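Each chain, written out:
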Amino acid sequence: GLRQHTGNWPGKTVTRAEGSFRFQDKKYNLIDLPGTYSLLARTTDEEIARDFLLLGKPDVVVVVVDATCLERNLNLVLQVLRVTPNVVVCLNLMDEAERHGVKVDARALEEELGVPVVPTVATKRKGLERLVAAIARIASAEKPSPPPAFNLEDDDARDAFERTLEAVRATYPSLDAAEWVALRLLERDESMVEAVRAGDIAELAGVSHDAEAAERLIQEATALANSVDATDATVRAIFREAERIASRVVQGGSAKGRKFDRALDRVLTSKLFGFPVMLAMLAAVFWLTIAGANVPSAMLADWLFLLEERLLGLMAAIGSPAWLTGFLIEGVYRGLAWVVSVMLPPMAIFFPAFTLLEDLGYLPRAAFNLDKVFQKVGGHGKMALTMAMGFGCNAAGVISTRIIDSPRERLIAIITNNFMPCNGRWPTLILLATVFIAAAFPPAVGALVGAGTLVGVVLLGFIVTLVVTYGLSRTALKGAASAFALELPPYRKPQVLRVLYTSLIDRTIFVLWRAVVIAAPAGGLAWILGNVSMGDGTLMSGIVDFLDPFGRLFGLDGVIILAYIVAIPANEVVVPTMLMAYLNYNKLIEIESMAELKHLLVVENDWTILTAVCLMLFSLLHNPCSTTLWTIFKETGSKKWTLVSALLPLGIAFLVCFLVAQTARLFG
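**Q** Which parts of the structure should I look at to understand the overall build of the protein?
**A** The secondary structure content of the protein amounts to 28 helices and 10 strands. Looking at the 668 residues of the protein, the share that counts as buried comes to 51%. Of the contacts made within the protein by residues no fewer than 6 positions apart, 72% connect residues no fewer than 24 positions apart. As presented, the protein carries roughly 31500 Å² of accessible surface, and 61% of it is formed by carbon and sulfur atoms.

**Q** Quick question: what am I supposed to make of the environment of V467 here?
**A** Mapping V467 onto the fold places it in helix α20 (residues 443-473). Of the residues examined, V467 reaches a relative accessible area of 54% and is grouped as exposed. Along the primary structure V467 and V377 are separated by 90 residues, whereas in three dimensions their C-alpha atoms are 7.6 Å apart.

**Q** Sorry, what's going on with the sheet that holds strand β7 (residues 117-119) here?
**A** Strand pairs in the sheet, formed through backbone hydrogen bonds, run parallel or antiparallel to each other. Read across the sheet, three strands follow the order β4-β5-β7 without closing on themselves; strand pairing throughout is parallel. Where the open sheet ends on each side, the last strands, each with one partner, are β4 (61-66) and β7. Strand-to-strand twist in this sheet, taken as the mean axis angle between neighbours without regard to direction, amounts to 25 degrees. Two elements, strand β5 (residues 87-92) and β7, share three bridges in a ladder whose sense is parallel. Within the sheet, the bridge partner assigned to C90 lies in β7 and is V118. Sheet strands in contact with helix α2 (residues 70-83) are β4 and β5, and its direction is about 165 degrees off that of β4.

**Q** So what exactly am I meant to see when it comes to helix α12 (residues 259-268) here?
**A** Two residues of an α-helix separated by three or four positions point the same way, owing to the 3.6 residues in each turn. Turning to α12, its buried residues are D261, D265 and L268. With its buried residues spanning 70 degrees around the axis, α12 presents them on a single face. Across from the buried face of α12, at angles greater than 90 degrees, the exposed residues are K259, F260 and R266.

**Q** How should I be thinking about a nonpolar patch on the surface in this particular structure?
**A** Taken together, the side chains of F550, L553, L655, F658 and L659 make up a nonpolar region of the molecular surface, amounting to roughly 440 Å² of accessible area. Every element with two or more residues in the nonpolar patch is listed here: α22 (539-553) and α28 (639-666). With three residues, α28 is the largest single contributor of residues to the nonpolar patch. With respect to the secondary-structure elements, L655 resides in helix α28.

**Q** Which parts of the structure should I look at to understand the packing of aromatic side chains?
**A** Centre-to-centre distance and the angle between the planes together describe a pair of aromatic rings. Under the criterion given, the structure shown has nine aromatic pairs. Between F374 and F462, the ring centres sit 5.9 Å apart and the planes meet at 90 degrees, which makes this aromatic pair edge-to-face. Of this pair, F374 sits in helix α15 (residues 363-376) while F462 sits in helix α20, placing them 88 residues apart in sequence. Judged on exposure class, the residue F374 and its partner F462 are both buried. Ring centres of F550 and F554 lie 5.0 Å apart, and the angle between their planes is 65 degrees; on these two criteria the pair is classed as edge-to-face. Given the relative accessible area of 36%, F550 is considered partly exposed. You can call F554 buried: its relative accessible area is 10%. Taken together, F550, F554, Y564, F618, F654 and F658 form an aromatic cluster joined through their ring pairs.

**Q** It is not clear to me how the nonpolar core should be interpreted in this structure. Could you clarify?
**A** With 94 residues, the main nonpolar core has M578 and W607 as its most contacted residues. Leaving out residues up to four positions away in the same chain, W607 has contacts with L432, F436, D557, I560, M578, Y582, L601, V602 and L615. Residues L53, L54, L81 and V102 belong to the second largest nonpolar core, which totals 68 residues.

**Q** Would you explain the pattern of salt bridges in this entry?
**A** As a working rule, side chains carrying opposite charge can pair if their charged atoms are close by. A complete count under the given rule lists 16 salt bridges for this structure. When the shortest N-O distance is used, the salt bridge between E112 and R248 registers 2.9 Å. Taken together, the residues E112 in helix α4 (residues 106-113) and R248 in helix α11 (residues 230-249) connect sequence positions 136 residues apart. The exposure class of E112 is buried, given its relative accessible area of 15%. Here R408 and E409 are joined by a salt bridge, their closest N and O atoms 3.5 Å apart. A single burial state applies to R408 and to E409, both of which are buried.

**Q** Explain helix α18 (residues 407-416) here, please?
**A** The buried count for α18 comes to nine of 10 residues, which makes it a mostly enclosed element. Three or more residues of α18 are buried, namely R408, E409, R410, L411, I412, A413, I414, I415 and T416.

**Q** Mind showing me how you'd approach the pairing of β5 here?
**A** Residues in a regular strand point their side chains to alternate faces of the sheet. Counting buried positions over the six residues of β5 gives six, a clear majority of the element. Of the two faces of β5, the one carrying V87, V89 and L91 and the one carrying V88, C90 and N92 are both buried. Summarising the sheet, β4 and β5 pair through six bridges and their orientation is parallel. Of the residues in β5, the one forming a bridge with V62 is V88. Of the crossover connections in this fold, the one passing from β4 over α2 to the parallel β5 is right-handed.

**Q** Can you walk me through unusual backbone geometry in this structure?
**A** Of all residues except glycine, most have a negative phi; of all peptide bonds, most are trans. You will see that Q24, though not glycine, has its phi angle at about 50 degrees, which is positive. By the element assignment, Q24 lies in the loop between β2 (15-23) and β3 (26-32). Its relative accessible area of 61% is what places Q24 among the exposed residues. Despite not being glycine, D606 shows a phi value in the positive range, around 60 degrees. With respect to the secondary-structure elements, D606 resides in the loop between α25 (594-603) and α26 (609-621). With relative accessibility at 55%, the residue D606 sits in the exposed group.

Reading the values: the criteria
- Residues numbered from 1 in each chain as written.
- Predicted model: local features only at pLDDT ≥ 70, side-chain atom pairs only at ≥ 80, totals over all residues.
- Heavy atoms only, no water.
- Helix = DSSP H or I, 4+ residues; strand = E, 2+ residues; numbered from the N terminus.
- Buried < 20%, exposed > 50% of the residue type's maximum accessible area, 1.4 Å probe, protein only.
- Contact = heavy atoms within 4.5 Å.
- Areas by Shrake-Rupley, 256 points an atom, 1.4 Å probe, with all protein chains shown as cover.
- Pairing = 2+ DSSP bridges.
- Axes fitted to C-alpha atoms, helices over the stretch in contact; angles between N-to-C directions.
- Arc of directions from axis to C-beta.
- Patch = residues over 30% accessible without salt bridge, like charges linked within 9 Å, V, L, I, M, F, W, Y side chains within 5 Å.
- Salt bridge = Lys/Arg side-chain N within 4 Å of Asp/Glu carboxyl O.
- Phe/Tyr/Trp six-rings, centres within 6.5 Å; stacked < 30°, edge-to-face > 60°.
- Core = buried A, V, L, I, M, F, W, Y, C linked by side-chain atoms within 4.5 Å.
- Right-handed = clockwise from strand over helix to strand, strands pointing away.

Here it is as structure tokens:
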């Protein structure tokens, strides 16, 4: 029912979701742990899941497994059973298993594991009542029998494990997770050693902490660990047991059942077709976003500016001074109106479109295609997914980098996410592509040329991302590349209602609210600049004259530079601010006719193709907006890296524009 609230784990960037439900007059609290394939912690997500299971004392652990690939998921189930016997296995995606010709004997699986196993089809709510009932039984009275003894084939490893287990049970007689603690100590797990030393395991076992006994246990386990390779023996034992159980309870699942998925993968992940298909999908999403957002954006703008007229009437009725009315309504409100009307419709289309691709199972294929490219430049394959989120909003793209486990590679992804054009930059890019490029072609192909231009801009941003990633990974953020498990899930029918809810509420509204809060000063500042007198003109015209020689060096002009300074809170006000300065108006405006706009820029203000090209480059590469910078600071907790994230793209933007402008002028 999506009755949940989200937050971060203490001291971590990993998101936690909590919710609750009632069953038979009792309230149950749910905590959604980070998804993981293993408790042999290598990443922050795995570490959080493991520590909470061991030290958080949950009454019941529900392990959700994929019925289409049970053997792989049993690895996690068997590890959780070492930590706690209070487990319910949710055997989900039974409909997908049936579609692939896979039959799972849930009763036999229950006998093997000794815990309740409940088949479900969660998207259709099948089996959820039985699942809740099983949770209630385990939480209240029924305690599952302990799992079978852990069997290590290697004689030395088995002997070391048994001696370590004996020492753990002697120190903590009532500890349910004695086997797991023994295994982790034998594998020299530093976090487990610290938990023993700090008294966390004693608290878990319900005994007083004896520091001397804990230290003896650590020393004994360390001595035994030096004599065997316990990690290898443990992993082999878990996988062998998972294979044995799966061979008994799973039938079918031949290659024929996955024939359709395999055929699609041969196209979508091939060296020949993978990238063209990816670009075609990207172009389709852009076209859908641009074409679909135009009408609702115009309607929303009309409604918001109709409301502006009412607000102006209200301010006049209460006798508000002209300066206050101008600042609040024609400055702050109008700036916010442009931000909302420009950002909301594209985000409301873009985020659901990408979430649908994710739900269908395509985005992991995109990450697969790009993984080798990112690996060569020192980045992480998951950057493909975080870049995709940056198309909608760079702040959302920065938040999505939480899926990257390595702090070094996550920081690279955060810094480079800016090179993917966000919603706020699209108005400028679309305007330039339409007025200066698409207009040179017949109307029948103009829209197609415009979409192709935007794809070219994105490809340029991608190339810059690779170059900057290469530079950072070999200088300030040098380090070893990390590996990651990339699962290509089966193609599935998307859950449209869930996609709409999560993409609109969790992403669109969240990002829009941040933009609105931070963008409010931009409209007010633009109004002040256009209304405060300085000499024979306004403060705005004075600043433009001062900045103009500087702007000309980079193929731009003073108006463009000022517009980007005003638009630091939100890129959406760049075009209205430019038009306001060119027309010498004292309030934010927008011109409806493209022909009228082209005449204003080309004839009255000497714009050329060079101006358009340099502005397009600057719009793509310049510093992030303040919403994104605030998000970067919140995610990194570092003023230094927030400053780098602002100044590095700005320096690159000025450098590229300078080289292009001077080269063009050199060759006439």
